[in-house]
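# Examination of the molecular architecture
Single-letter residue listing:
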Amino acid sequence: MTFQVWGWRREDASQVLAWVPDAEGGRGAAMPRRTPATKDPTAVERANLLNMAKLSIKGLIESALSFGRTLDSDYPPLQQFFVVMEHCLKHGLKVRKSFLSYNKTIWGPLELVEKLYPEAEEIGASVRDLPGLKTPLGRARAWLRLALMQKKMADYLRCLIIQRDLLSEFYEYHALMMEEEGAVIVGLLVGLNVIDANLCVKGEDLDSQVGVIDFSMYLKNEEDIGNKERNVQIAAILDQKNYVEELNRQLNSTVSSLHSRVDSLEKSNTKLIEELAIAKNNIIKLQEENHQLRSENKLILMKTQQHLEVTKVDVETELQTYKHSRQGLDEMYNEARRQLRDESQLRQDVENELAVQVSMKHEIELAMKLLEKDIHEKQDTLIGLRQQLEEVKAINIEMYQKLQGSEDGLKEKNEIIARLEEKTNKITAAMRQLEQRLQQAEKAQMEAEDEDKKHLQECQSKSDNLQKQISQKEKQLVQLETDLKIEKEWRQTLQEDLQKEKDALSHLRNETQQIISLKKEFLNIQDENQQLKKIYHEQEQALQELGNKLSESKLKIEDIKEANKALQGLVWLKDKEATHCKLCEKEFSLSKRKHHCRNCGEIFCNACSDNELPLPSSPKPVRVCDSCHALLIQRCSSNLP
């Protein structure tokens, strides 16, 4: 019984479906309801879509929890949920014009999510990269499936509903996504986070699917009410089994993690011991280097002291020689100064005499002039004057001779003075040289003292640095020892925790054994029940209908037994534990999805698990891996007569 919501006509809008709740508060039958002529038909459509969304989400969650496994794309309630979501998103869409035709698709508003929610970029990119999708509607359907697998459909649509301004470009004002019903549906979608879905988007033909809502899934049947208690008991047993398996898996994972932690601690302990040995070797090497440097420092100090003593002795001898030479030079200098003083006095005397003689010469010349003037006047006294003149000439000759003798003496004295000046210059030059030597010796002494001081400072700084390094290494040693103690204590606590975990594991194993014994009792009770049913069947052969029902129940119980036996040997792998396909060993990704084999419980890719066979646990054909498919076909062929 299927109805297509979008196939209604405008004149039938007054008669819409309304869900009547039953006595238990669950879903009832779909009953037609008359609405008043004044009610808005778009509001009625929104209410109907909201009710359908509530029913599909509630039915999907309940069936998924009772199913107790990861849902795949063949699960009918999941397919109906996607159809209902497609109708909800299509409600009130605006028609967008293009060059060739009019376009009306939900891919446009879903593309906005990438701008509003950055984490949705990965879904958009993977949808665009899918090779089989050709239409925008197919991309939108793939986007909804990927969002459900990520458990973020509610978050993505919440971001979309908040931005009403952006949504108004794609939806009419009366659309479901623009009204309060859209916010209610988004709130209901939060409950889907408890569901694990493993959907293969790559292999499905999403472009040509017809979105039709199947109302028969939500209508109750009398047989379903009769088998409810039995299903509840089986579901409770399956829940207990799943709970125990989950506990075992969690304990195994904790034990493996504890083993890995113990291994890592042992490795870190060995590394710390090696580092400690290396640090001790480094400390020994540094101590040896310190001893070598101290011995070298002592040798350098001895050499510098010897060099200082030698330089001191040389400087003292040079000082003594300089003092002796200076005393001799001082005496020579004093004598030369005395001689200079005597010679200068003699020179002054000679100069005075010369001045007197020059003055006399001037006077004689004046007298000669006067005599020449008086020659004419005094001719009488000419003879006497001539005699006087001859006497004056003789005196003049004598004076001239004296003058020449004095000039010769002056020359000799000048030569003696020049010699004395040369001697004094030589003495001053020798004095300067001695003073320069003295200054150089003092400078050399100062430099030697500075070098000794620098060398001593460098040695002291080196020894201080070495002492600091030794102290740092000692501190590191103390820290390493404390770390080692802490690691030992932590290891002891881990060992205690491991012992506790082992005790808990043994306790859980006892509980599992008790559960197995309870299962055996349950099987015995079932066998007794079968025997009673056989007796009842023999007594009531006339009632064929009851016999048929009993045979069907027998078949169901046998199937449940086989399913229980298969489940006891089945190990259902978690999605997180598998990163590669078990057969082809290819890595999983968004395009290469994970699929569980319903027989062995392992995880495979779509290419290695595209077979379908009916199993004892489910009469409907389900997904099976290639190896299990071959094994089951071989069993069926061997069982055939």
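Residues numbered from 1 in each chain as written. Predicted model: local features only at pLDDT ≥ 70, side-chain atom pairs only at ≥ 80, totals over all residues. Heavy atoms only, no water.

Per an unreviewed UniProt entry, the recorded name for the protein is RUN and FYVE domain-containing protein 2, and the organism is Ailuropoda melanoleuca. The UniProt entry for the protein carries the following comment under Subcellular location (unreviewed entry): "Nucleus". (UniProt positions renumbered as here; feature names shortened; annotations may be inferred.)

## Describing the environment of Arg164
The topology assignment puts Arg164 in helix α7 (residues 164-167). Between the C-alpha atom of Arg164 and that of Met177, which follows or precedes it by 13 residues, the distance is 8.9 Å. Setting aside its immediate chain neighbours within four residues, Arg164 contacts Met177, Met178 and Glu179. (Helix = DSSP H or I, 4+ residues; strand = E, 2+ residues; numbered from the N terminus. Contact = heavy atoms within 4.5 Å.)

## Here's the deal with a nonpolar patch on the surface
Together, Val356, Met360, Ile364, Met368 and Val392 give the surface a local cluster of nonpolar side chains, amounting to about 350 Å² of exposed area. With four residues, helix α10 (residues 228-377) is the largest single contributor of residues to the nonpolar patch. Structurally, Met368 can be placed in helix α10. The partly exposed category is assigned to Met368, whose relative accessible area is 31%. (Patch = residues over 30% accessible without salt bridge, like charges linked within 9 Å, V, L, I, M, F, W, Y side chains within 5 Å. Areas by Shrake-Rupley, 256 points an atom, 1.4 Å probe, with all protein chains shown as cover. Salt bridge = Lys/Arg side-chain N within 4 Å of Asp/Glu carboxyl O. Buried < 20%, exposed > 50% of the residue type's maximum accessible area, 1.4 Å probe, protein only.)

## Let's talk about unusual backbone geometry
Glycine aside, the phi torsion of most residues is negative, and most peptide linkages are trans. One non-glycine residue with positive phi stands out, namely Lys151, at about 60°. Position of Lys151 relative to the elements: it lies in the loop between α5 (136-150) and α6 (153-162). For Glu585, which is not glycine, the phi torsion reads 60° and is therefore positive. Assignment of secondary structure puts Glu585 in the loop between α12 (544-569) and β7 (595-596). When its relative accessible area of 60% is taken as the criterion, Glu585 is described as exposed.

## Considering the pattern of salt bridges
Counted according to the given criterion, the structure contains 10 salt bridges. Between Glu111 and Arg128 there is a salt bridge, and its shortest N-O distance comes to 3.7 Å. Of this pair, Glu111 sits in helix α3 (residues 107-116) while Arg128 sits in helix α4 (residues 121-129); the two residues are 17 residues apart in sequence, bridging distant segments of the chain. Through salt bridges that share partners, Glu86, Lys90 and Arg141 make up one connected network.

## Section: the confidence of the model for the protein
This prediction gives the protein a mean pLDDT of 77; 81% of its residues lie at or above 70. Confidence, expressed as mean pLDDT per element, reaches its minimum in the protein at strand β1 (residues 2-3) with 36 and its maximum at strand β8 (residues 603-604) with 90. Within the model, the stretch residues 1-37 combines pLDDT values under 50 with 71 contacts to residues more than four positions away or in other chains. (pLDDT = per-residue confidence, 0-100.)

## As for the pairing of strand β9 (residues 611-615)
Going residue by residue along β9, you find Asn611, Leu613 and Leu615 tucked away on one face and Glu612 and Pro614 left uncovered on the opposite face. Examined bridge by bridge, β9 and strand β10 (residues 618-624) share four bridges and lie antiparallel to one another. Counted as the bridge partner of Leu613 is Val622 from β10. The antiparallel pairing of β9 with β10 creates a hairpin that spans two residues between the two strands. (Pairing = 2+ DSSP bridges.)

## Overview of α5
With 15 residues, α5 should reach 21 Å at 1.5 Å per residue; the first-to-last C-alpha distance of 21 Å fits that figure. Buried residues dominate α5, accounting for 12 of its 15 residues. For α5, every residue scored as buried is listed here: Leu137, Gly138, Ala140, Arg141, Ala142, Trp143, Leu144, Arg145, Leu146, Ala147, Leu148 and Met149. Next to the buried residues of α5 lie α2 (76-90), α3, α4 and α6. (Expected span 1.5 Å × (residues − 1).)

## Observations regarding the packing of α6 against helix α8 (residues 180-189)
Each packed pair of helices is defined by two parameters, the angle between the axes and the distance between the axes. Look at α6 against α8: their axes get within 8 Å of each other, and the N-to-C directions meet at 160°. Of the possible angle classes, the one that applies to α6 and α8 is roughly antiparallel. You can see that α6 and α8 cross each other, and the crossing is left-handed. For the pair formed by α6 and α8, the contact residues are Met153, Ala154, Leu157, Arg158 and Ile161 on the first element and Gly182, Ala183, Val186 and Leu189 on the second. (Axes fitted to C-alpha atoms, helices over the stretch in contact; angles between N-to-C directions. Parallel < 35°, antiparallel > 145°, perpendicular 65-115°, else oblique. Left-handed = near helix turned anticlockwise from the far one by under 90°.)

## What to know about the side chain of Glu114
Considering the arrangement of structural elements, one finds Glu114 in helix α3. Of note is the side chain of Glu114, whose polar atom sits 2.8 Å from the side chain of Arg128. In contact with Glu114, not counting residues within four places along its chain, are Ala120, Glu121, Gly124 and Arg128. (Polar contact = N/O pair within 3.5 Å; in protein donor to acceptor, adjacent residues only side chain to side chain.)

## Remarks on a negative patch on the surface
On the surface, a cluster of negative charge is contributed by Asp74, Asp610, Glu612 and Asp626. Relative to the helices and strands, Asp626 resides in helix α13 (residues 626-639). Classification of Asp626 as partly exposed rests on a relative accessible area of 33%. (Lys, Arg positive; Asp, Glu negative; His and termini not counted. Charge placed at Lys NZ, Arg CZ, Asp CG, Glu CD.)

## Observations concerning the UniProt feature "coiled-coil region" (unreviewed entry) in the protein
The UniProt feature table records "coiled-coil region" (unreviewed entry) at residues 262-296. Helix makes up 100% of residues 262-296 and strand 0%. Its end C-alpha atoms lie 50 Å apart.

## What to know about the environment of Cys625
When you line up the elements, Cys625 lands in the loop between β10 and α13. Classification of Cys625 by relative accessible area gives buried; the value is 0%. A sequence separation of 25 residues divides Cys625 from Cys600, and the C-alpha atoms of the two residues are 8.4 Å apart. With sequence-adjacent residues up to four places away left out, Cys625 is seen in contact with Cys597, Cys600, Phe604, Cys608, Ser609 and Asn611.

## Observations regarding the nonpolar core
Counting 64 residues, the largest nonpolar core has Phe81, Trp143, Met153 and Leu189 as the members making the most contacts within it. Contributions of two or more residues to this core are made by α1 (41-67), α2, α3, α4, α5, α6 and α8. Excluding residues within four positions of it along the chain, Phe81 makes contact with Ser56, Ile57, Leu60, Met153, Leu189 and Leu192. Phe604, Cys608, Val622 and Val624 belong to the second-largest nonpolar core, a separate cluster that totals 16 residues. (Core = buried A, V, L, I, M, F, W, Y, C linked by side-chain atoms within 4.5 Å.)

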